[in-house]
Every structure is written in structure tokens, then in C-alpha cells.
Amino acid sequence: MAHKFINKVEAGETINDIYLVKDPILRSTTRGDLYIAMFLCDRSGQINGRMWQATEIIYKSIPKPGFVHIQGRSELYQNNLQVIVNKITQIDSSKVNIDDFLPKTKKNVEKMFEEVKQIISQIKNPQLKAIVDSFLNDEERMEKFISSPGGMKLHHSCIGGLLEHVHNMLCVANAILPMYPNVQPDLVLAGIFLHDMGKTEELSYDLSFSYTNQGQLLGHIVQSVLMINDKISLLKSGGTDFDQQIIDSLEHIIVSHHGQYEYGSPKLPAMTEAFMVCFIDDLDAKINMVESAIAEEDGDENWTAWKNALQTRLYKKRLE
Ligand SMILES: [Fe+2]
Ligand SMILES: [Fe+2]
């Protein structure tokens, strides 16, 4: 049976399906009866769930978080949809179609990764090449690189989203670099490939997208620089010599790529290559944000709702 997506649930429907349950809480009503409040989620969104006449045994049987089979009914409560849960049963994740729960890039992952490798193979500087190759040869890191989301919420928040973002950026750089002959392509290409590498550790995506403890504490900019330094140390101990200026320039591109202090960059771009990476990053993130925001709102309205991250409503109407 096809999965009933949360964003398609309407009031008054019978619910009999698998959902990801998050943050269940056991509470008591003013009369002293126990009930469980929870969120039911899938890749399309989340909805409040309520189980009245609950018991501690039922509460303890609910994974926190995890997959559950829900039997119940949807209803409108104070103008918000919620699901009244009559029965909740834990489901083993092996029995679940994970694609219903985590959005995945619509593009071909293998093809994008091949093109990424092909574009960065143009890097000629031997030290930058050694750094980039040490990442490419790190199978575990590359596994994560091709499956990580590009972000939690704002842009490319899907499995393979990081690869899609880096692939887009490398293609844009490849197209515009010939217009700027003084910009050093090796730095731009290596900088793009590595700029968000920290996201492979910043975000976790087992049941849903969330920050890891290290990601929450350090953030992907710092994590990317630490990863690059680890690789350089390994290469140095293997006998490769490094020019500090090359390391500083590459790491400057990484730390400045958010472009503003309030967006988490400790330094503002101070090299043409850093400006280029920062602008291409912003271009790709914004286009993705706009396209996903428009795609999320179906219907005939010409305008989307207000989008906080973009500080505007978006005009959806296309030319005939
Ligand atoms: Fe970033
Ligand atoms: Fe980025």
C-alpha cells in the first residue's frame, strides 16, 4: 500500500500507516488521565499526534525516535491538523521504505560524482592535488560525501544534497573561470570541493536530519579546516613538502565562504578566489532555496507564503 504522506492528510481520515515518531512525552490531563503527545513525521513534514488513555507501558514501548505503525484518525483541533492515535506499534527500520522518510536527490549520484572527479582532476598544483587526492582516496569520507545532505533545512536538505551542491558549484566555476583569466583555477576548484566537507561530520541522517554533537559544537567550517589539516599532517609524515602559503590560501577560502561574520565566517573573503567561491556558494544555495520553496507550495496562488530565510514572498508564475 502506498504511504500516506503527512502533507496529504486531511481532517477526518482514517490513519493506518508507518511514520517516524519523534519527541514522545507522557503527560497527564487536568483530570489526572495519562496521554502521550508526539510528532509523527515523514519526508513531507510532521504532524502532532495525541494518544489519550495512555499508559506508562505504552509510552515505554515507543522508540525515541523510531518507526511506528499508527492506527488512528486525523482531526482539526484549534485549526491545526492532528492525529488521534488509537494504537501505536514499534516497527523495525528494516521493514520501512526509507525513501518515504528521507528526501533524496533526484539527480544521478554516480554521474555527479564522476563529473566532480573529472573537474577537479584539472588541478595542476601538486600540493593542492595531493590534498584533494587524499580526500578522494579516503573511501569512508567519500561514502559520506556522496550521501550527506547539503544542509539541515535551508538548501539541498536531501540525501546526496551535498554532492549535488558541490557538483553544481564546480560546473558553474568551470563555466565562468575562462572569463576571469587572473583567477587561479586550482584554488577555486580545490576550495569548492572542500568548502563544505565538514558537513559529512556536521550532520547525521539516520532517521532524520539533525546536527551531530561535534557539528553543533564546532560547525562545518571549523570541521572542514580540521579535516584538511589532518590530511596535510598525514601527507607531511609521508614525505610531501607543503608551502604554508598554499595551505593558508586554501583554508582562507574555506573559512571565508559564508561571506559574512553573522553567517559564521571568522574572516571575510580577501582573495579573488575566495570571493568567487563565496558567490558561487551563495548562488547555488539561493537558487535551490527558491526552487524548493516554490515546489513545496502547490496550488494556483501566484505568490508563496513569506519566506523568512529570503525575506520575501516568491512569485511563482512562469511565462506562458
Ligand atoms: Fe558552508
Ligand atoms: Fe556550500
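So, how was this worked out
Residue positions are counted from 1 within each chain, in the order its sequence is given. Each chain gets a letter, beginning with A, and each ligand a number, beginning with 1, in the order they are written. With pLDDT at 70 or above as the cut-off, local features in this predicted model cover only qualifying residues; side-chain atom pairs require 80 or more to be listed or tallied, and sums for whole chains, interfaces and linings still use all residues. Comment: elements are numbered from the N terminus, with helices defined as DSSP H or I runs of at least four residues and strands as E runs of at least two. With C-beta atoms placed from the backbone, a residue is labelled by how many other C-beta atoms lie within 10 Å of its own: buried for 20 or more, exposed for 12 or fewer, partly exposed between the two. Here the contact rule is simple: place C-beta atoms from the backbone, and any two residues whose C-beta atoms are within 7 Å are in contact. Where each domain starts and ends follows an automatic or database-derived domain assignment. Following the grouping adopted for this structure description, the nonpolar residues are Ala, Val, Leu, Ile, Met, Phe, Trp, Tyr, Cys and Pro, the charged ones are Asp, Glu, Lys and Arg, and the polar ones are all others, Gly among them. Note on pairing: DSSP must find at least two bridges between two strands before they are called paired. For helices, the fitted axis covers only the stretch in contact; all axes are lines through C-alpha atoms, and the angles between them, taken along N-to-C directions, range from 0 to 180 degrees. An angle counts as roughly parallel when it lies under 35 degrees, as roughly antiparallel when it exceeds 145, as roughly perpendicular when it falls between 65 and 115, and as oblique in every other case. Helix crossings fall into two classes, left-handed where the near helix is turned counterclockwise from the far one by less than a right angle and right-handed where it is turned clockwise. Here the expected length of a helix is defined as 1.5 Å per residue gap, with one fewer gap than residues.

Another point: the overall build of the protein. Along the backbone of the protein there are 10 helices and 7 strands. A principal-axis box enclosing the C-alpha atoms of the protein has dimensions of 70 × 55 × 35 Å. Scored against the burial criterion, the 320 residues of the protein give a buried share of 32%. Within the protein, contacts between residues at least 6 apart in sequence are counted, and of these 57% link residues at least 24 apart.

Once that is clear, we can look at the domain arrangement of the protein. Taken domain by domain, the protein holds domain 1 (6-99) and domain 2 (102-295). If you average the C-alpha positions of domain 1 and of domain 2, the two centres end up 38 Å apart. Contacts between the two partners involve 7 residues from domain 1 and, on the opposite side, 5 residues from domain 2. Across the side of domain 1 that touches domain 2, the residue classes tally to 4 nonpolar, 1 polar and 2 charged.

The pairing of strand S1 (residues 14-28) with strand S4 (residues 66-77) spans 8 bridges and is antiparallel. By the bridge assignment, Leu20 is partnered in S4 with Phe67. Here S1 runs beside strand S2 (residues 34-42); their pairing, made up of 7 bridges, is antiparallel. Bridged to Lys22 within S2 is Phe39. Here S1 hands over to S2 after 5 residues, with Gly32 in that stretch at a positive phi of 95°.

Sheet architecture is closed into a barrel: 5 strands sit in the order S1-S2-S3-S5-S4, paired in mixed fashion. Between one strand and the next, the sheet's axes are offset by a mean angle of 50°, whatever the strand orientation.

Direction vectors running N to C along helix H2 (residues 109-120) and helix H5 (residues 161-176) enclose 40°, while the axes themselves pass 10 Å from each other. Relative to H5, H2 is oriented oblique. Of the two possible hands of crossing, H2 and H5 adopt the one that is left-handed. Here Val109, Met112, Phe113, Glu115, Val116, Ile119 and Ile120 of H2 lie close against H5, whose contacting residues are Leu163, Glu164, Val166, His167, Leu170 and Asn174. In terms of residue class, the contact of H2 with H5 is built from 9 nonpolar, 2 polar and 2 charged.

For the rest of this paragraph, the subject is helix H9 (residues 244-256). Its 13 residues give H9 an end-to-end C-alpha distance of 18 Å, which sits within 8% of 18 Å, the value for a rise of 1.5 Å per residue. Buried residues belonging to H9 abut helix H3 (126-136), helix H6 (185-195), helix H8 (213-237) and helix H10 (272-296).

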